[in-house]
Amino acid sequence: MLELGKRTSEANYYLGVIAEDSREYNVAVSHFQRVSDGRHYMAANQRLGQILVDAGQFEEGGAWFDAQRQAVPGRAEQLFGLEAELLGSSGYQQGSRKVLDRGIAAFPDSTSLRYARAMLGEQQGDLGLMERDLRAILARDPENATALNALGYTLANRTDRYDEAYQLISRAHELDPNEPAILDSMGWVLYRLGRYEESLQYLQRAYALFPDPEVAAHLGEVLWAMGETDRATSVWQGALLQSPGHEIVMDTLDRLGVEDIELVPVSSGAAQTE
């Protein structure tokens, strides 16, 4: 296809994938760099950026993304987000923060960049940054259920502003009543408010829809607080069988002083406390 000059971006993308799978990373980068704007452009940049990050070639990666933002300005906002995500997911949070700061300076109304920086701020313990960015999103889009839920959950989980958190999550739930993440948040803030029976209903629904270890950690804790220790243990067992050593589940067990969780197979019904 390259010799014929036909669909050259697509051909270069797949040649890059083949080279990457063969661990011929320099060849892969060379092909990905030849993919022009179109269907495979962002995927090629994602793969190219990951190769450079994994190799510790941060300056080269930064220079590449800067050049692409100049060459394809219509993709600049997406490229800021992609570069920040690659750095953050590989453990380079400070680098990710710098990229997001630059991106938001260039695109101050970007919901995606502000949300990404808010989540990074939460990870870094900078709750002030997290709240400012989420409130900036909500100032422009008051019915953004994702931002409402993220702010409400963080306030419930990381502060004692439970009533405020409940109001935010309640609004998110009105907007998207069947979203598992919002159901989990509602269950968690109700638990924080001491409303255990209501909390349990929401968390059981969330876990049935999305049996995620973090939801399991919350559901198990509520059951434990209600004296349902066998059911709580069953939920945690199921979560740890799915994700051994999961950080949030283990932190919950440590905080509650729960020891000797035996990892034996449990039925899905037991795990979900139907």
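Here the structure is a predicted model, which means the values were calculated and not measured.

A. Just the environment of S199, in detail. If you trace the backbone, S199 turns up in helix 12 (residues 196–209). Classification of S199 by relative accessible area gives buried; the value is 0%. Along the primary structure S199 and G238 are separated by 39 residues, whereas in three dimensions their C-alpha atoms are 20 Å apart. Those residues in contact with S199, other than ones at most four positions away along the chain, are G187, L190, Y191 and V222.

B. Spatial organisation of helix 4 (residues 58–71). With 14 residues, helix 4 should cover 20 Å at 1.5 Å per step; its first-to-last C-alpha distance of 20 Å lies within 8% of that length. Its buried side turned inward, helix 4 meets helix 3 (41–54), helix 5 (76–89) and helix 6 (93–106).

C. Up close: the confidence of the model for the protein. In this model, the protein carries an average pLDDT of 94, and 95% of its residues clear a pLDDT of 70 or more. Here residues 265–274 scores under 50 on pLDDT; set against residues more than four positions off or in separate chains, the count is 20 contacts.

D. Looking closely at the environment of V222. Residue placement: V222 occurs in helix 13 (residues 213–225). Along the sequence, V222 and R192 sit 30 residues apart, while their C-alpha atoms lie 9.7 Å from each other. Non-local contacts of V222, meaning those with residues more than four positions away in its chain, are made with Y191, Y196, S199, L200 and L203.

E. How the structure looks around the pattern of salt bridges. This structure, assessed with the given rule, holds 21 salt bridges. The salt bridge partner of E10 is R7, with a shortest N-O separation of 2.7 Å. In this structure, R195 engages E198 in a salt bridge whose closest nitrogen and oxygen atoms are separated by 2.9 Å. Under the relative-accessibility criterion, R195 is labelled partly exposed at 30%. A cluster of three or more residues bridged by salt bridges with shared partners is formed by R97, D101, R114, R117, D126 and D133.

F. Focus on helix 12. Counted at 1.5 Å a residue, the expected span for helix 12 with its 14 residues is 20 Å, and the 20 Å between its end C-alpha atoms agrees. Regarding helix 12, the residues found buried are S199, L200, L203, A206 and Y207. Within helix 12, the buried residues cover an arc of 130 degrees as seen down the axis, which keeps them to one side. The exposed residues of helix 12 that point more than 90 degrees off its buried face are E197 and Q201.

So, how was this worked out
- Residues numbered from 1 in each chain as written.
- Predicted model: local features only at pLDDT ≥ 70, side-chain atom pairs only at ≥ 80, totals over all residues.
- Heavy atoms only, no water.
- Helix = DSSP H or I, 4+ residues; strand = E, 2+ residues; numbered from the N terminus.
- Buried < 20%, exposed > 50% of the residue type's maximum accessible area, 1.4 Å probe, protein only.
- Contact = heavy atoms within 4.5 Å.
- Expected span 1.5 Å × (residues − 1).
- pLDDT = per-residue confidence, 0-100.
- Salt bridge = Lys/Arg side-chain N within 4 Å of Asp/Glu carboxyl O.
- Arc of directions from axis to C-beta.

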